[in-house]
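As a plain string of letters, each chain reads:
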Amino acid sequence: MTLNSKIPQGPLKDKWTTYKDKINLVNPANKRLIDIIVVGTGLAGGSASATLAELGYNVKAFCFQDSPRRAHSIAAQGGINAAKNYQGDGDSVYRLFYDTVKGGDYRSREANVHRLAEVSVNIIDQCVAQGVPFARDYGGLLDNRSFGGVLVSRTFYAKGQTGQQLLLGAYSAMNRQIARGKIKMYNRHEMLDVVIVDGKARGIIARNLVTGEIQRHSAHAVVIASGGYGNAFYLSTYAMGSNVTAAWKAHKRGAYFANPCFTQIHPTCMPVSGDHQSKLTLMSESLRNDGRIWVPAKLEDAQAIRDGKLKPTQIKEEDRDYYLERRYPAFGNLVPRDVASRAAKERCDAGFGVNQTGEAVYLDFAHAIVRYGKEQALVKGLDTNDSALVEKLGKQIIKAKYGNLFQMYEKIMDENPYETPMMIYPAVHYTMGGVWVDYNLMTTVPGLYAAGEANFSDHGANRLGASALMQGLADGYFVLPYTIGDYLSDDIRTGPISTDTPEFEEAENNVRGRIEKLVNNNGSYSVDYFHKKLGKIMWNKCGMSRNEKGLKEAIEEIAQLREEFWKDVYVPGEANEYNEELAKAGRVADFLELGELFAKDALHREESCGGHFREEYQTEDGEAKRRKEFQYVSAWEYKGEPKDAVLHKEELVYDNIEVKERSYK
Ligand SMILES: Cc1cc2nc3c(=O)[nH]c(=O)nc-3n(C[C@H](O)[C@H](O)[C@H](O)COP(=O)(O)OP(=O)(O)OC[C@H]3O[C@@H](n4cnc5c(N)ncnc54)[C@H](O)[C@@H]3O)c2cc1C
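Throughout what follows, the structure given in this document is the object of discussion. (Residues numbered from 1 in each chain as written. Predicted model: local features only at pLDDT ≥ 70, side-chain atom pairs only at ≥ 80, totals over all residues. Heavy atoms only, no water.)

## Considerations on unusual backbone geometry
For step 1, the next point in the chain: Although it is not a glycine, asparagine 85 sits at a positive phi angle of roughly 55°.
For step 2, the next point in the chain: One can find asparagine 85 in the loop between strand E3 (80–81) and helix H4 (93–103).
For step 3, the next point in the chain: The exposure class assigned to asparagine 85 is partly exposed, which follows from its relative accessible area of 29%.
For step 4, the next point in the chain: Of note, the phi angle at arginine 188 is positive, near 50°, even though the residue is not glycine. (Helix = DSSP H or I, 4+ residues; strand = E, 2+ residues; numbered from the N terminus. Buried < 20%, exposed > 50% of the residue type's maximum accessible area, 1.4 Å probe, protein only.)

Below you can see the structure in the form of structure tokens.
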């Protein structure tokens, strides 16, 4: 099949508007005759469900948590971007578009990214109207801060709880529709297969996670908004339940999987503390607005710190290496995440790491405390030379800006970050790869859509901070509601889709067979045993930097681990009951397939770009070296086993942006 991204003709800035003007519509009375399934009610699926129902469609929404309010989106801390230019600092739709394409290392689609930048401004208005309590400045206007990879302040935020507040907005919009009967909500239901009838997505098979009941659900179109798959690495900043299952089932039913190896490794996470850990915690990128990142400049100081003989506060200014400010003076601590992560790894690999394992750097607020403290003392007419007073006032400002993040750090690390620098290290955080979609967000299966982190998105090889919430809400509130109508306008006379067909029968049997195999396997090892092993392979061989030898080994090791899993996994309990281990087993089984495709994709991409760093392709000073031959989206077609997957290429054309060296210096 040839990939057709269906990008509209015409000048970039007019594409979306002109396209919307000409798109097929479904009249309000006919929308009542059409059912849409939305799998996932995080920010992408929640906003899509609410908007589609508001438009008049009958929506069936699914999530595996007990409420949409508990989607992984709730964890988002730092903010959401929009080209409002409220700060008057030179921002514009074009600049957001440009920053995003450059940030993604020229591996994203121009037309999609421009549309994203255009609708970013509507998202803020929509959310404010819903009552999302974005931070405001002294005069009552919406406030902004900066995130990595940009030179303006365009990030809107609600303290360190932006995702939670946005999700409450989407959730209340959903609830209005649930009350009207336009959304039927299936909490604690897990989609385990997509049903294709006559080449079109016409339903799903879901398991009620409380009773174990297997159910058939039909619709005229299916939207996958099931989030990202970073938990393939076992340790990550994702919610424990985040998984690839829905996206992977879509892939196995014909949806191509794009750029599986493009993973974001976030530079500011709490470091790994040992083998017992099952979760990593993010310290928001917003902290890089004020925190300065450093390691000791001398190896002996780093060693003394690791041995507990020296404290960071005892290291003199001239003996510190603010390595991001040194290497990237223009962007400093606000370089994009991939750049900051690799720089931290480089320093730690060279022996400058500051925790017991040697895998941590400092994020230090001492300067910011003094800076803010002096400003406050000036404003209040107090003595700016009174260092105790300055420190007290400065800490108050830091607390107001980042209080909940500091509290979280102290609770987990048992250290007071107001007094001593935080320790941070990169961790898996986001997946730019996902289900391939065209401009309409439709996958290669007609009627099957993907939104939010589940699709391969607009972020190319690296996502800029605060852009995931923007994309998820753009997809759900402003893109899908238009584009899905274009497809559904052909379905107004179809009538209800029956679930009593051979296709539903086959899919249901497929799901039942797999569940039975898992519960009856009676092996000797837990699901976590295999998941941890997979995570180690992924982190060591497909992680922050990769090479040909390691990737080849990873492909073999993952295939072997998958075989062992199916021979020797032990899933306690029954199929027809609440059984978390069973749910987890299904998800890990899918990670074991995805992991191999991930490594295969990374191996074939003989270049470094953004979150994909191949050691063989780097500049003399260790920067990523892109190659023109790889200026495409890799879209993989399922052919039975990950090793047999077939590569399709969507060539990326840059008519409006000059592709050049990606420099943040
Ligand atoms: C700690 C943290 C902080 C972050 N901070 C920011 C930030 O400040 N700014 C920013 O832009 N981005 C941030 N991100 C990224 C951002 O939060 C996510 O990319 C985004 O929220 C994903 O939204 P989503 O709706 O696509 O998926 P999710 O929120 O992951 O929702 C997935 C939904 O799918 C459902 N689901 C999954 N599988 C199935 C299945 N098989 N059957 C039924 N339902 C299923 C789940 O129940 C859930 O409802 C952060 C991420 C993390 C981890």
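Read on for the rest.
## Let's talk about the environment of tyrosine 638
For step 1, the next point in the chain: As for its placement among the helices and strands, tyrosine 638 is situated in the loop between strand E18 (632–637) and strand E19 (646–651).
For step 2, the next point in the chain: The spacing of tyrosine 638 and glycine 254 is 384 residues in sequence and 6.7 Å in space, taken between C-alpha atoms.
For step 3, the next point in the chain: The residues contacting tyrosine 638, other than those within four sequence positions of it, are His251 and Lys252.
For step 4, the next point in the chain: Within the structure, tyrosine 638 has its side chain in polar contact with the backbone oxygen of glycine 640 (distance 2.8 Å). (Contact = heavy atoms within 4.5 Å. Polar contact = N/O pair within 3.5 Å; in protein donor to acceptor, adjacent residues only side chain to side chain.)

## Concerning the sheet that holds strand E11 (residues 263–269)
For step 1, the next point in the chain: Strand order across the open sheet formed by 5 strands is E11-E15-E14-E12-E13, with antiparallel pairing between neighbours. Two strands close off the open sheet at either side, each with one partner strand: E11 and strand E13 (320–321).
For step 2, the next point in the chain: Bridge analysis of strand E12 (residues 292–296) against strand E14 (residues 361–364) gives 3 bridges, and the strand direction is antiparallel. By the bridge assignment for E14, tryptophan 294 is matched with tyrosine 362. (Pairing = 2+ DSSP bridges.)

## Looking at helix H16 (residues 548–568)
For step 1, the next point in the chain: An ideal rise of 1.5 Å per residue puts 30 Å on 21 residues; H16 measures up with 30 Å between its terminal C-alpha atoms.
For step 2, the next point in the chain: Looking at H16, one finds that the buried residues are Gly550, Leu551, Ala554, Ile555, Ile558, Leu561, Arg562, Phe565 and Trp566. For H16, the buried positions fall inside an angular range of 145° around the axis, keeping them on one side. Exposed side of H16, more than 90 degrees from the buried face: Lys549, Glu556, Glu563 and Lys567 are the residues found there.
For step 3, the next point in the chain: Buried residues in H16 make contact with helix H14 (502–519), helix H15 (527–542) and helix H17 (580–604). (Expected span 1.5 Å × (residues − 1). Arc of directions from axis to C-beta.)

## Concerning the pattern of salt bridges
For step 1, the next point in the chain: For the coordinates displayed, the defined rule picks out 54 salt bridges.
For step 2, the next point in the chain: Ionic pairing is found between lysine 541 and glutamate 553, a salt bridge with its closest N-O pair at 3.0 Å. Of this pair, lysine 541 sits in helix H15 while glutamate 553 sits in helix H16, placing them 12 residues apart in sequence.
For step 3, the next point in the chain: One continuous salt-bridge network, built from bridges that share partners, spans Asp105, Asp338, Arg342, Arg626 and Arg662. (Salt bridge = Lys/Arg side-chain N within 4 Å of Asp/Glu carboxyl O.)

## Section: the site of the ligand
For step 1, the next point in the chain: As a matter of local geometry, the ligand sits amid 37 residues, with Gln65, Ser73, Gly78, Met191 and Glu453 nearest to it.
For step 2, the next point in the chain: Between the ligand and glutamine 65 there is a distance of 2.4 Å, counted from an oxygen atom to a side-chain nitrogen or oxygen.
For step 3, the next point in the chain: A distance of 2.8 Å separates a nitrogen atom of the ligand from a polar backbone atom of glycine 79.
For step 4, the next point in the chain: Notes on the ligand: free accessible area 1,000 Å², of which the protein chains cover 97%.
For step 5, the next point in the chain: Listing elements by their share of the shell around the ligand, those giving two or more residues are helix H3 (43–55), strand E6 (189–197), strand E15 (422–431) and helix H13 (468–488).
For step 6, the next point in the chain: Among the elements that make up the shell around the ligand, the one with the highest residue count is E6 (3 residues).
For step 7, the next point in the chain: Here the shell around the ligand is built from residues that sort into 17 nonpolar, 17 polar and 3 charged. (Near = heavy atom within 4 Å. Areas by Shrake-Rupley, 256 points an atom, 1.4 Å probe, with all protein chains shown as cover. Nonpolar A, V, L, I, M, F, W, Y, C, P; charged D, E, K, R; others polar.)

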